[in-house]
Amino acid sequence: MPLYELTLLGATGLLTAALTAVIGFGGGTIMMAVFLLFVPPAAAIPFHGLVQVFSNAWRIVLFRQYISWKLALRYTALLPFGVAVGLWFFQGLSAQVLQMLIGSFVLGTLFTRQLKRFQGKDLPLAAFWPLGFVMGILNMMVGVVAPLLGVLVVRRELRKEGMIATLAYLSLAGHVAKVVAFGLAGFSFTAYLPALAVLVPSVMVGGVLGKWLLGRVNERVFMLVFQFLLVGLSLKLIVWDGLLKLI
């Protein structure tokens, strides 16, 4: 890769890691969009997954004491089986359709939470067992499912740090399984080692910066921004990544 591309990727890694450390998601979606400018689409999802392994692992180190293990362990139990199904079954499925479905589900879930009968009610813990399986399938095809995970981990017992930490763990589990699956399928990551050498330190610095910023964000403001970004990313998935590309 030319130097200017590596520089842009490094800056992207720093800024998106900082964003994700503050909000919990969103950085991965932006990073994927930038990767597609320089990386062939067939390679973007596995390479993005590898970068996200380092990014989420570092965020876990920074926020490890806040992880909700009762969610994390249930979610990861069936995740590898979903990844295996996704690699085998969804090779020919339209990514645009899946992205529209994910965006619609996020918007629907956000809307449902505002209805009087559902206010204050969290997703049952038992639902995180099949959720890991489903997310494993979707992650293989779409590459970025953090907006969907984001709306599902909004829980009364989790403060902003707990949401960031738990999202990082769920995302890490999905990306590790995805990278292993693509590696076993024959994808070679060696061509992207120079870019990885730039991106890893960038996302680490961005993670530290994001944690510093998070400690200075009001809890109520955090939740408003969190939900605002969920709506924005959902509309992007439905309109920009789905409808416009299908048309």
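Residues numbered from 1 in each chain as written. Predicted model: local features only at pLDDT ≥ 70, side-chain atom pairs only at ≥ 80, totals over all residues. Heavy atoms only, no water.

### Topic: the pattern of salt bridges
Evaluation of the coordinates by the stated rule reveals four salt bridges. The partner of Asp-122 in a salt bridge is Arg-156, and the shortest N-O contact between them spans 3.4 Å. Of this pair, Asp-122 sits in the loop between α6 (95-114) and α7 (128-142) while Arg-156 sits in the loop between α8 (146-152) and α9 (160-184); the two residues are 34 residues apart in sequence, bridging distant segments of the chain. You can call Arg-156 exposed: its relative accessible area is 64%. A salt bridge links Asp-241 to Lys-236; the shortest N-O distance between them is 2.7 Å. Note on Asp-241: relative accessible area 8%, which makes it buried. Connected through salt bridges with shared partners, the residues Lys-70, Arg-155 and Glu-157 form a single ionic network. (Salt bridge = Lys/Arg side-chain N within 4 Å of Asp/Glu carboxyl O. Helix = DSSP H or I, 4+ residues; strand = E, 2+ residues; numbered from the N terminus. Buried < 20%, exposed > 50% of the residue type's maximum accessible area, 1.4 Å probe, protein only.)

### Some words on the nonpolar core
Ranked by size, the top nonpolar core spans 67 residues in total, and within it Phe-25, Phe-47, Val-51, Tyr-75, Met-135 and Phe-226 carry the most contacts. Looking at which element gives the most residues to this core, the answer is α9, with 13 residues. Filtering out sequence-adjacent residues up to four positions away, Phe-47 remains in contact with Phe-35, Val-39, Phe-189, Tyr-192, Ala-195, Leu-196 and Leu-199. (Core = buried A, V, L, I, M, F, W, Y, C linked by side-chain atoms within 4.5 Å. Contact = heavy atoms within 4.5 Å.)

### Examining the packing of aromatic side chains
Going through the model one piece at a time under the given rule, you end up with six aromatic pairs. When the centroid spacing of 5.0 Å and the interplanar angle of 35 degrees are considered together, the rings of Phe-35 and Phe-47 count as tilted. With Phe-35 in helix α2 (residues 27-38) and Phe-47 in helix α3 (residues 41-63), this residue pair connects regions lying twelve residues apart in the sequence. Residues Phe-35 and Phe-47 agree in their burial class; the two are buried. Aromatic pair Phe-63 and Tyr-66: ring centres 6.5 Å apart, planes at 50 degrees, arrangement tilted. (Phe/Tyr/Trp six-rings, centres within 6.5 Å; stacked < 30°, edge-to-face > 60°.)

### Focus on the environment of Gly-10
Along the chain, the position of Gly-10 falls in helix α1 (residues 3-23). Exposure remark for Gly-10: the relative accessible area of 8% places this residue in the buried category. Spatially, the C-alpha atoms of Gly-10 and Ala-197 are 9.3 Å apart, while their sequence positions differ by 187 residues. Ignoring anything within four residues of it in the chain, the contact list for Gly-10 reads Val-198, Leu-199 and Ser-202.

### Topic: the packing of helix α5 (residues 79-89) against α7
Interhelical geometry of α5 versus α7 gives an angle of 35 degrees and a closest axis separation of 7 Å. In the crossing of α5 with α7, the sense of the turn from one axis to the other is right-handed. For the pair formed by α5 and α7, the contact residues are Leu-79, Phe-81, Gly-82, Val-83, Val-85, Gly-86 and Leu-87 on the first element and Gly-132, Phe-133, Met-135, Gly-136, Ile-137 and Met-140 on the second. Its residues assigned to classes, the contact of α5 with α7 comprises nine nonpolar, four polar and no charged. (Axes fitted to C-alpha atoms, helices over the stretch in contact; angles between N-to-C directions. Left-handed = near helix turned anticlockwise from the far one by under 90°. Nonpolar A, V, L, I, M, F, W, Y, C, P; charged D, E, K, R; others polar.)

### Things to note about the side chain of Glu-161
With respect to the helices and strands, the residue Glu-161 is situated in helix α9. With no salt bridge to any partner, buried Glu-161 finds its closest opposite charge in Lys-160, at an N-O distance of 4.4 Å. Dropping the residues within four chain positions of it, Glu-161 is found in contact with Phe-63, Tyr-66 and Leu-214. (Lys, Arg positive; Asp, Glu negative; His and termini not counted.)

### A few points about the packing of α1 against helix α11 (residues 219-246)
Where α1 meets α11, the closest approach of the two axes is 10 Å, and the angle between their N-to-C directions is 120 degrees. Taken together, the axes of α1 and α11 are oblique relative to one another. Between α1, through Leu-19, Val-22 and Ile-23, and α11, the contact on the second element is made entirely by Phe-222, Val-225, Phe-226 and Leu-229. Across the contact of α1 with α11, the residue classes break down as seven nonpolar, no polar and no charged. (Parallel < 35°, antiparallel > 145°, perpendicular 65-115°, else oblique.)

### Quick word on α7
Taking 1.5 Å per residue, 15 residues should reach 21 Å; α7 reaches 20 Å between its end C-alpha atoms and fits that length. Taking burial as the measure, the 15 residues of α7 include eleven buried ones, the bulk of the element. Among the residues of α7, those classed as buried are Phe-128, Leu-131, Gly-132, Met-135, Gly-136, Ile-137, Leu-138, Asn-139, Met-140, Met-141 and Val-142. (Expected span 1.5 Å × (residues − 1).)

### Digging into the confidence of the model for the chain
With 91% of its residues at a pLDDT of 70 or more, the chain shows a mean pLDDT of 85. Averaged pLDDT values for the elements of the chain fall to 71 in α6 and rise to 95 in helix α4 (residues 69-77). (pLDDT = per-residue confidence, 0-100.)

### Topic: a nonpolar patch on the surface
A cluster of nonpolar side chains, contributed by Val-239, Trp-240, Leu-243, Leu-244 and Ile-247, occupies part of the molecular surface with about 560 Å² of accessible area. Relative to the elements of secondary structure, Trp-240 occurs in helix α11. Judged by its relative accessible area of 54%, Trp-240 falls in the exposed class. (Patch = residues over 30% accessible without salt bridge, like charges linked within 9 Å, V, L, I, M, F, W, Y side chains within 5 Å. Areas by Shrake-Rupley, 256 points an atom, 1.4 Å probe, with all protein chains shown as cover.)

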